[in-house]
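Commentary on secondary and tertiary structure
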Amino acid sequence: MKINIIINEQRKEILIKDNEYLIDVLRRNNYLSVRRGCDNTSCGVCTVLLNDKPVPSCSVLAIRCNNQRITTVEGIADEAEKLAKYFGEEGADQCGFCNPSMALTVYSLKLENPNASDDEIKEYLVGNLCRCTGYVAQHLAIKRYLGDKL
Amino acid sequence: MMEINKYVAPNSFDEVYNLLQDNKLNKIIGGGAWLKISMKKADTLIGLENLNLDYIKEENEFFEIGAMTPLRKIELNKDIRTLFSGFFNEAISKIMGVTVRNIATIGGSIMGKFAFSDLLPVLVVLDVRLKFYKIGELSFYEFLQMAKIPNDILLSIKVSKGNGLGYFHKVSKTHLDFAILNLAVVRTDRFKIAVGSRPRITKLLVNTNNFLNSQAVINDDVLLQAIEIALEEADLGDNLKASKEYREVLLKSYLKRALKQVIR
Amino acid sequence: MKVVNNRINSIDGLGVMKGRKAFTDDFFEKESLIIKVLRSPHPFAKIVSIKKDKAEELDGIEMILTHHDFKRIPFTRAGQGYPEPSPHDKFVLDEYVRYIGDEVLAVVGSDEETCLKALDLIEVEYEVLEPVLDFESAKDNKIIIHPEPEIHQMFEIGFDPKKNLAASYHMHIGDVSKSLDESDYVIRETFFTQAQAHAMLEPHTVNARMDYQNRLMIYSSTQTPFHVRRIISQALEIPLAKIRIIKPRVGGGFGGKQAIHGEMLVAYVTFKTQKPCKLTFTRKEVFESSYSRHPMRIDIALGASKDGLLKAIDCKILSDTGAYGEHALTVFMVAGSKVLPLYNKVDSVRFYGDVVYTNHTPAGAFRGYGAIQGNFALESAIDILCEKMHVDPIAFRQKNMIKETETSPIFAIMGEGTEGTAMSMDTCKLEECVERGMKLIGWNEMYPKKEAGDRIRSVGMAIAMQGSGIPYIDMGSATIKLNDDGFYNLMVGATEIGQGSDTVLTQIAAEELMTDVDKVVVYSSDTDLTPFDVGAYASSTTYVSGNAVKKAASELKQMMIEEAAKILEVSNKEINFDGKLFSSGDKLISLIDFSNRLTYSEDQKQLQVTSSYVGHKSPPPFMAGFVEISIDKETYEITIENYVSVVDCGTTINPMLAKGQVDGAIVQGLGMAMFEDVKYSKNGKLISNDFLNYKIPTRLDILKLTTEFVDSYEQSGPFGAKSVGEIGIDTPPAALANAVFNALGVRIKDLPITPEKIMREMRSKQ
């Protein structure tokens, strides 16, 4: 069936199957920044924003996104660039596979709780696994990003 | 991927109910995260998004939470946080990560009756009341005792307000893991203790509660006795995560800490 | 130095964060056929018959491949230099399946749903065989996992499949039994290390197409594009010249992509059908059907004299390589060669043992590569010995550990699969690492433990070493060319897998050419366009590939100076080049003008250099790892309060990225020490086959990491660098085991160290 979905502020009409997940619909419509790490919400890599809230796109049926707003990292390009600057300065760049989903989740944290404490940052992001960095440099970069009130 | 014939989002409860009765393979989907893992095939997948079940209402004596309310919404609700030291919100915050809690619903978490659930021990000590479409109201405790999950639509849960202290603790290997054991305690003028992920589904420790409630004074001796009763009553077991022996060590230790905390 | 050892942002972080197409599965062709593999439900079975006609008739099914479709050419999937030190014991598809998850057949169709439907329609009849699931009973078991007549070793590695041996090894120096007899103190202990899953976030994936020159062009998430190309060519008999492998961004490897995964099937399908295709592993397949770390049983005996000298080390290892022998011998050897030399003053050493086949998921390369297993055993044993001797464990190490300018006879004897290379420690700052680490963790105030209410706080430590490439075997090369407008292209075979090699190699080139990093554009890992490199393993990239880059840059600089001399009409010696300007007295020409002139105006030529490097030694990085923990007195739950790492890796080409390597490795090491456990059911089925069941550390699990580098300059390395990719992973298991002992007096000798195991030890102590 056809659904109307607003992706990064652009209204799109997409033909989907009832059992298709959002991640597959997004990827086959060329939103390749949305990536697959597991398939059962246990890694965080597929995170996108659904009406500004971070959700696991591997487990959200596309059909439930009819007339909903989806944001991928392309939709928060300036924020992603800002976060990338801090990641670069803290040496938090490694494989980068988790980075776009990280940018979306961190941006969502900024909206929800811009003055988050260290623990609150870690709790908010606990579902976003990273295997490369050991988390320390990422955390410093995220703190600086949240502290950047510009 | 799940094999489904179609997805529908009906506009009436009757429609949903009839679909459920028509075919065992017609299923209601909550957030869908767990369903994806546990279910391979459904005929019609039923979404309740058009039935206005996403709400948190405050009344004089209780909160009413719609079955389709995402866990994260409840977790962040400041009013619910005032209940019993915020242990309800605390328990929810331990479930997976923020992204899952944005889609997982309280209805789905209840109807799944997961043994590993961090939510159910809290619901049982709060003695919440479940409202179903056809069956009507049930206490959560009754729901737990039922052999089969009712083939009905869960509409909402009622959480009674009250004065007292609450405690929730989850023991797990990493901070993003199922519980090895979890524990919920509430003390109003009475004690209520429930243990979950035993590894089996949460159990209200009735005998332990009765014992504590019958004591005029709660001193160290009484605590020790209560723990002995609890160890017996909790009926702990083995699974891949831990042995019965280790779970007993955990229960002994954390029940003591829980009681000490709610006695203050 | 202006660029090297400076805080330089990675060159690719911005693009990747912004979500640009970068990873392998971003590049498949639109009409790619999908390959889905039917995987064995039995740990050991023979395929008797395959009924696939119903599946073949499905609309959209292109072909169904079985073992009948392939010529029987055995190969190894291990990405190693040729001839490989791993047995050639794998066929593309075989009539035997050897672990739950092994490839039975491959369905090729237009989309995933069709392929899955086809899989359901295929009937396979198996003769179920009794499996070997206990590695301690594998050797000489009457059940033979590899009965095929065609399999072989490429040179003597102790391969004896009739005994279920993938490899075996023995070395000794002196007479270890005699030394032990003469020792005043002897301990004998047995340790077990578990299998560990890499759990890189990007699942293995590969896609292929025929290009307009009718060549097979493959994108693969791999650590070894050149080895993959060769192995495919040999196994499928496709001329090497017809194959091109490109490695895009890789979402983590850690050794798990240092071997063939889906490339063989993808190459075959595209070459045969001439249509593009792709194969992506599900997370379940990554766990069950790729590789994991070799679990080991390590028997160690140590002997010491009254005056605190370590006299003898006797080390026997049994390693489980699973169903196939990738990296079997070499991981085994590193468990000795990159651990035992830490205590180089012993009179005698013996290191020996077997690597056996079992019907488990194959083991393969994984960061540390044997060193983490060996380190857990040796560094735990040293603490046990010190306890028996009533000596301080740090003082004992300081007395016996290897120091700068010293050597160990082990270096000459043990290489990776072959003889080793003698070398002295031109740089070894272990002493400084230990001292600095003690200070940072507050060792003297804390050792052995401190009461803290209902918890106990304690500290534990371990020292470690690794290597920097494999001497006389690993070759890296680099091509640098000068463009108009005075910027350079750097082409390297070296494989960026997230460890920052693109950035680091760019920095080395920029430093040598005295320019900025944004004037050097790097392109890596394309078997057509970049010169050869073995790939990202053995901590070789900075040292081996980096040296090649430095050489190439230096040679290009010389070439440019020669040309500038001609232009300015002076001799080479009279040219001064500062990276931007060629000058001689008051004659000058800017680099930009120079490059434009050479490209368009006069005496035009392309200045370009390709240079290669092979190491003559493998200078080890060293580190001292210290952990501070707190343990709950009743429940034995452990919290990692702080992990201090002090590392000697020579010059840190990029100090931030070097720190990232250590931090990331420490957390993986702590994962192995505490949380991660590859678990099989008693029927051989992998239970821990997703992230819900296999737990890697989260950001809440480790409270603090403190990582520092000591001043060190390795002459033979590029700008003084050694390596830093693996060293970080080695110390956590032993450091943690030692800290637990210091807190509670109980010794956990099998990983992971869990509260429940501690409980059992505490109870048996009472």
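What you are looking at is a predicted structure, and each value in this text was computed from that prediction instead of being measured.

**Points about the overall build of chain B**
Broken down by element type, chain B carries twelve helices and twelve strands. Relative to a compact globule of 264 residues, whose C-alpha radius of gyration would be 18 Å, chain B shows 19 Å and is just as compact. Taking the principal axes of its C-alpha atoms as reference, chain B extends roughly 60 × 45 × 30 Å. Expressed as a percentage of the 264 residues in chain B, the buried residues total 51%. Within chain B, counting contacts between residues at least 6 apart in sequence, those at least 24 apart form 59% of the total.

**Describing the pairing of strand E18 (residues 475-482) of chain C**
Residue and element names in this part refer to chain C. In terms of burial, E18 is a largely internal element, seven of the eight residues being buried. Two strands pair when backbone bridges link them, and E18 and strand E24 (residues 608-614) are joined in this way by seven bridges, in the antiparallel orientation. The partner of Thr479 across the bridge, within E24, is Thr610. Bridging between E18 and strand E19 (residues 488-492) involves five bridges; their strand directions are antiparallel. Counterpart to Ile480 in the pairing with E19 is Leu490. With antiparallel pairing between neighbouring strands as the criterion, E18 and E19 make up a hairpin whose turn holds five residues, including Asp485 at a positive phi of roughly 75°.

**Examining the interface of chain A and chain C**
Contacts between the two partners involve 46 residues from chain A, matched on the other side by 41 residues from chain C. Every element with two or more residues in the side of chain A that touches chain C is listed here: helix H2 (77-90), helix H3 (99-112), helix H4 (118-124) and helix H5 (136-147) of chain A. The greatest single-element share of the side of chain A that touches chain C, amounting to nine residues, is contributed by H2(A). Among the residues forming the side of chain A that touches chain C, the class breakdown is 23 nonpolar, 13 polar and ten charged.

**Some points on the domain arrangement of chain A**
Note: interface size is frequently given as the accessible area lost on complex formation between the parts. Residues and elements named next belong to chain A. For chain A, the assigned domains are domain 1 (2-74) and domain 2 (75-147). Placing a centre on the C-alpha atoms of domain 1 and another on those of domain 2 gives a separation of 21 Å. The partner domain 2 presents 16 residues to the 18 residues of domain 1 that form the contact. Of all elements in the fold, only strand E3 (47-50) and strand E4 (53-56) reach the threshold of two or more residues within the side of domain 1 that touches domain 2. The biggest single contributor to the side of domain 1 that touches domain 2 is E3, with three residues. For the side of domain 1 that touches domain 2, a count of residues per class yields seven nonpolar, six polar and five charged.

**Let's talk about the sheet that holds strand E22 (residues 581-584) of chain C**
Residues and elements named next belong to chain C. Judged by pairing direction, the sheet is antiparallel, and its three strands sit side by side in the order E21-E22-E23 without closing on themselves. A single partner strand is all that each edge strand has here, and the edge strands are strand E21 (576-577) and strand E23 (587-590). Relative to E22, E21 runs antiparallel, the two sharing two bridges. The residue of E22 that forms the bridge with Asn576 is Ser583. Packing against the sheet, helix H15 (residues 541-568) makes contact with E21, E22 and E23, and its axis sits at approximately 130° to E23. Contacts from helix H16 (residues 591-601) reach E22 and E23, with the element oriented near 75° to E23.

**Observations regarding the sheet that holds strand E15 (residues 348-357) of chain C**
All names here are of chain C. Sheet architecture is open: five strands sit in the order E7-E15-E14-E13-E8, paired in mixed fashion. In the strand order of this sheet, the two ends are held by strand E7 (165-173) and strand E8 (185-193), each with one partner. Direction aside, the axes of adjacent strands within the sheet are offset by 5° on average. Summarising the sheet, E8 and strand E13 (residues 296-304) pair through nine bridges and their orientation is antiparallel. Paired with Arg188 across the bridge in E13 is Ala301. Of the strands in this sheet, E8 and E13 are in contact with helix H9 (residues 371-389), which crosses E8 at around 145°.

Definitions and cut-offs
Residues numbered from 1 in each chain as written. Chains lettered and ligands numbered in written order. Predicted model: local features only at pLDDT ≥ 70, side-chain atom pairs only at ≥ 80, totals over all residues. Helix = DSSP H or I, 4+ residues; strand = E, 2+ residues; numbered from the N terminus. Rg over C-alpha atoms; globule rule 2.2 N^0.38 Å. Buried ≥ 20, exposed ≤ 12 C-beta atoms within 10 Å, placed from the backbone. Contact = placed C-beta atoms within 7 Å. Pairing = 2+ DSSP bridges. Nonpolar A, V, L, I, M, F, W, Y, C, P; charged D, E, K, R; others polar. Domains from an automatic or database assignment. Axes fitted to C-alpha atoms, helices over the stretch in contact; angles between N-to-C directions.

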